[in-house]
Amino acid sequence: MSETNSALTSFTLNGKAETFSPIAGERLSEMLRERSGCRDIKIGCNAGDCGACSVLLDGDVVCACLTPAQQVEGRTVETLNGLHSYDVIAQDLAESFLNHGAAQCGICTPGMIVSAVALLRENKAPNEENVKDALGGVLCRCTGYRKIIDAVLDTTHPAPAEDSGYIGQSIRRLDGQRKVSGLDMFGDDVAPSGTDEIFVIRSPYPTATFTLGDLEQYINNNSSISTILTAKDIPGENTFGVIPDFQDQPVFAEAQTRFRGEAVAAIVAKPEFIRDFDPETFPIIWNEKNAVQSVEAAQASEAPLLHKERSNNQLCGGFVQCGDAERSLKDADFTVEGRFQSGFVEHGYIEPEAGFAEVINGRIEVHACTQAPVMDLEALEIILGMDQSQIRIVPTSVGGGFGSKLDISLQPILALATLKTGKPVRLTYSRTESMQSTTKRHPSDITLKIGANADGKIQGFDFLGLFDTGAYASWGPTVANRVPVHASGPYKISDYRAVSKGIHTNNPPSGAFRGFGVPQSAIAQESLFDVLAKKIGMDALEFRILNALENNQPTVCGQVFSQGVGIKKCLEALRPAWNEQHTLAKRFNTKNDVLKRGVGLASGWYGCGNTSLPNPSTIKCGIRKDGTVVLHQGAMDIGQGANTVITQVFATALGISTSKIELVGADTDITPDAGKTSASRQTFVSGNAARLSGEALRASILQHLNGGVNSKLKFGKGMIEAKDQETVHILDLSRLDADYEGYVLRAEETYDPPTLPLDENGQGSPYAQFGYAAQMVIVEVDTELGTVKPLKFIAAHDVGRAINPVLVEGQIHGGIAQGMGMALMEEYIPGRTENLHDYLIPTVGDIPPIDTIIIEEPDAHGPYGAKGLGEHVLVPTAPAILNAIYNATGARITKVPATPSRVRQAIKVIHDG
């Protein structure tokens with residue numbers, strides 16, 4: 001066991017003297033977080049890769065996770081929360097971050113602001129390169145960095161004047177102040193110091209059988225262990241999943257594991273035991289088995305079945321067909337075809353899975369980072385064999401999710417541990433553990449053939465997509481169903497056939513990741529569109545504009561939208577930049593032999609919400625006797641801005657400033673189910689529920705006052721005033737009876753998008769609305785090294801109505817950054833790239849300027865015309881980059897990421913050929 005160092009360490013922390021006796025080898029981050037309460041120091045990797053734990057040590061930026069606690073003897077340590085209380089530069093930065101929307105999920109914000117403070121103390125007028133250098137050690141997965149750069153360069157910009165916050169206004173994030181001051185509480189921040197911790201025993205092999213030894217004896221030999229959990233401790237069903245008919249993943253494997261990192265047991269013990277625990281001492285015997293780790297191997301005739309009931313290791317499939325694709329392709333004047341592949345992509349959120357659980361008055365309460373609290377509740381009901389009334393999910397702030405935190409991970413382990421021990425417990429995944437055990441973007445293997453007539457009209461489209469869904473189902477069925485609907489892109493195609501299959505392998509489960517398979521299909525479709533346009537002799541942009549969907553034209557599912565189809569406007573908005581940048585690239589290339597520039601574009605669409613399934617959200621609101629308006633908003637904000645946007649919609653409907661609204665966040669005890677944060681549904685679906693709720697509350701007020709529908713409301717202390725033309729009505733709230741929650745007036749409304757099931761040919765109405773996007777990028781390729789450097793993006797996105805334009809821009813920037821990572825550098829290889837050092841995500845130095853063009857083509861179903869956005873952004877980015885590489889070099893990259901070795905090899909093949 002660790003022993004306390006007898007020597008005392010004295011230092012100054014945020015202006016105050018502190019003295020501790022550090023444990024031998026203790027990290028500064030652990031000492032400050034657990035004994036000084038500095039939970040504003042965030043832990044993303046414990047390896048110095050992410051920079052979230054950055055603090056100032058005698059004014060210099062250091063990673064607290066790499067700094068031994070003893071090294072601060074006699075020195076000065078500053079953290080964000082302390083700086084925010086006394087340092088003018090930090091305070092100015094906080095205001096600027098709020099002004100620019102530079103803090104999204106907020107997990108990296110402490111590291112960013114601390115690093116920026118160090119820069120601005122030395123250089124009061126830095127340029128962009130100075131800022132990039134200063135922030136280069138801090139990773140962000142949400143913002144795309146551009147807003148952060150702007151915030152550091154523009155700290156003197158005054159805060160905007162307070163406004164109503166109605167739709168269309170770029171108000172600051174309503175939850176932003178806690179993020180920029182370091183007070184936001186994430187999954188690892190809520191447990192009291194000293195709480196029992198959990199260590200999960202995981203499979204070191206892709207598949208293996210195992211035998212557990214004498215666990216009782218092991219516990220008896222270690223007094224610090226409270227208990228050990230295995231499958232035998234599960235009182236309900238040892239299974240979970242996100243789709244009822246496909247729940248197939250055990251909390252703890254029972255006899256055989258199916259992927260590297262799968263849980264088989266968990267030790268609950270005192271923190272000092274967990275700190276020094278050696279997994280090699282745990283009594284378990286492993287017997288590695290032959291694994292299938294590719295779709296080809298899994299579908300071989302001799303391949304073992306991962307799940308006996310799923311023949312040929314096929315989980316599911318999807319299918320959409322209209323017209324006769326085979327005949328059309330035979331009759332087409334031009335045809336092109338190709339095979340496109342992508343690998344695993346890791347979500348890379350800076351906050352690993354973390355949480356805390358305890359038993360309160362006989363009920364289990366789980367505090368954890370999640371995208372879907374009610375889904376967590378439903379899963380625990382099954383696993384624990386308990387009624388939902390005995391379980392409470394209290395989400396913490398979420399440090400990024402992007403789809404993976406839709407699936408449960410540590411929630412059942414936390415619940416089982418506190419249930420068995422009766423004591424509070426906490427669990428935080430290590431970075432390696434997170435990357436081993438949680439879901440990934442589906443690897444894809446796509447073959448596609450497209451035809452066109454001489455006039456450029458598309459004639460025939462035949463798509464086959466094989467997706468590696470990993471060991472368990474997760475969101476595999478959703479990907480398989482969504483891809484055939486979207487594989488056409490937002491184009492008019494009369495003769496179409498698309499087939500998809502999800503195949504099990506002994507790889508980590510593939511799940512939801514911003515786009516649900518659509519980014520993979522877009523790579524194939526948009527790459528071949530460029531090839532086809534060139535073959536016809538058409539400009540690539542004009543080819544897309546010619547074939548773009550318009551109002552009153554059927555999609556490949558036969559769905560007809562009479563309004564709201566904005567893809568042509570997105571494409572046309574790129575035309576000036578497209579023409580200009582092609583000219584500039586040609587001019588550059590005539591003067592340079594090694595460096596070549598290219599311009600590429602791609603478009604995309606995305607259906608908001610579930611595919612042909614119920615997808616309701618409920619929003620509740622009320623007014624207290626004192627006149628306080630309360631909004632119960634259960635849509636998880638994982639950085640995208642749901643807390644702000646949904647409040648803006650509600651405020652507009654009710655007729656009250658957002659600053660006058662008290663927001664109650666997600667909590668399964670007190671907040672109705674606003675559905676999961678996924679599929680770009682919250683602005684659309686929960687936004688509509690908020691609109692309906694606001695309208696219902698307003699109607700109730702006006703009914704009490706007998707006021708006209710156009711009355712202007714004014715909320716005061718204990719009263720509401722309604723001005724109807726020249727007549728003023730006063731409602732004295734003290735005269736109304738309060739209900740069990742203290743509300744004298746209340747409303748609760750639900751919205752569920754109108755959709756229709758798909759028939760056997762995939763015909764129907766899968767989504768009530770689509771969002772549309774078109775992006776272009778200029779890249780510079782070093783033809784000798786194979787490196788690709790994006791120089792600028794121009795992104796046009798149809799959002800229906802921009803509820804908050806600054807947040808719209810932030811989502812566009814962040815999605816482009818993730819799409820760029822997928823295109824150029826991100827490649828998760830099980831067993832090899834299980835940390836943020838070997839697995840590369842874009843840094844602040846990688847992201848070029850991004851020009852955003854907001855297109856507003858209102859949607860009939862959206863709240864005030866708004867459409868979802870989050871998923872759409874990532875769809876066109878990778879194919880636009882691949883098309884730009886081709887434009888620059890003539891090399892067509894068909895497998896992502898387009899690493900330097902792959903790009904160099906493709907160029908070499910062309911030159912040698």
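Given the structure is predicted, the values throughout are model-derived calculations rather than measurements.

Peer 1: Can you break down the packing of helix 3 (residues 88-100) against helix 4 (residues 109-122) residue by residue, with the values?
Peer 2: Two elements in contact, helix 3 and helix 4, have axes whose closest approach is 9 Å; the angle formed by their N-to-C orientations is 130°. In this view, helix 3 runs oblique relative to helix 4, as classed from their interaxial angle. For the element pair helix 3 and helix 4, the recorded crossing hand is right-handed. Of helix 4, the residues touching helix 3 (which contributes Ile89, Ala90, Leu93, Ala94 and Phe97) are Thr109, Met112, Ile113, Ala116, Val117, Leu120 and Arg121. Residues belonging to the contact of helix 3 with helix 4 are distributed by class as follows: 10 nonpolar, 1 polar and 1 charged.

Peer 1: Run through the packing of helix 12 (residues 373-384) against helix 13 (residues 411-421), naming residues and quoting values.
Peer 2: The description of two packed helices rests on the angle between their axes and on the distance between the axes. At a closest axis distance of 10 Å, the pairing of helix 12 and helix 13 adopts a crossing angle of 50°. When the axes of helix 12 and helix 13 are compared, the pair comes out oblique. For the crossing formed where helix 12 meets helix 13, the hand is right-handed. Here helix 12 contributes Asp376, Leu380, Ile383 and Leu384 to the contact with helix 13, which in turn contributes Gln411, Pro412, Ala415, Leu416 and Leu419. Residues that form the contact of helix 12 with helix 13 fall into these classes: 7 nonpolar, 1 polar and 1 charged.

Peer 1: Summarise the environment of Ala666; cite the residues concerned and give the values.
Peer 2: In this structure, Ala666 sits in the loop between strand 24 (661-664) and helix 20 (682-705). For the pair Ala666 and Met636, spaced 30 residues apart in the sequence, the C-alpha separation amounts to 6.6 Å. Once residues lying within four places of it in the same chain are set aside, the contact partners of Ala666 are Pro373, Pro395, Gln633, Gly634, Met636 and Thr671.

Peer 1: Give me the lowdown on the layout of surface pockets, citing residues and values where you can.
Peer 2: Computed from the structure, the largest pocket encloses a volume of approximately 1,500 Å³. Along the walls of the largest pocket sit 47 residues, with Phe199, Ile274, Arg275, Thr428 and Ser430 positioned nearest its centre. Elements with a contribution of two residues or more to the lining of the largest pocket: helix 1 (28-35), strand 6 (196-202), helix 9 (271-276), strand 11 (284-288), strand 17 (425-428) and helix 14 (431-437). Here the lining of the largest pocket takes 6 residues from strand 6, the largest share from any one element. Here the lining of the largest pocket is composed, by residue class, of 18 nonpolar, 12 polar and 17 charged.

Peer 1: Any details on the pairing of strand 13 (residues 334-342)? Residues and values, ideally.
Peer 2: Bridge count between strand 13 and strand 18 (residues 444-452): 9 bridges; the pairing is antiparallel. Looking across to strand 18, one finds that Thr335 is bridged to Gly451.

About the cut-offs
- Residues numbered from 1 in each chain as written.
- Predicted model: local features only at pLDDT ≥ 70, side-chain atom pairs only at ≥ 80, totals over all residues.
- Heavy atoms only, no water.
- Axes fitted to C-alpha atoms, helices over the stretch in contact; angles between N-to-C directions.
- Helix = DSSP H or I, 4+ residues; strand = E, 2+ residues; numbered from the N terminus.
- Parallel < 35°, antiparallel > 145°, perpendicular 65-115°, else oblique.
- Left-handed = near helix turned anticlockwise from the far one by under 90°.
- Contact = heavy atoms within 4.5 Å.
- Nonpolar A, V, L, I, M, F, W, Y, C, P; charged D, E, K, R; others polar.
- 1 Å grid on protein atoms, 1.4 Å probe; cavity = no way out; pocket = protein on both sides within 12 Å on 5 of 7 lines; lining within 4 Å.
- Points joined across faces, edges and corners; volume = space filled by probe spheres on them.
- Pairing = 2+ DSSP bridges.

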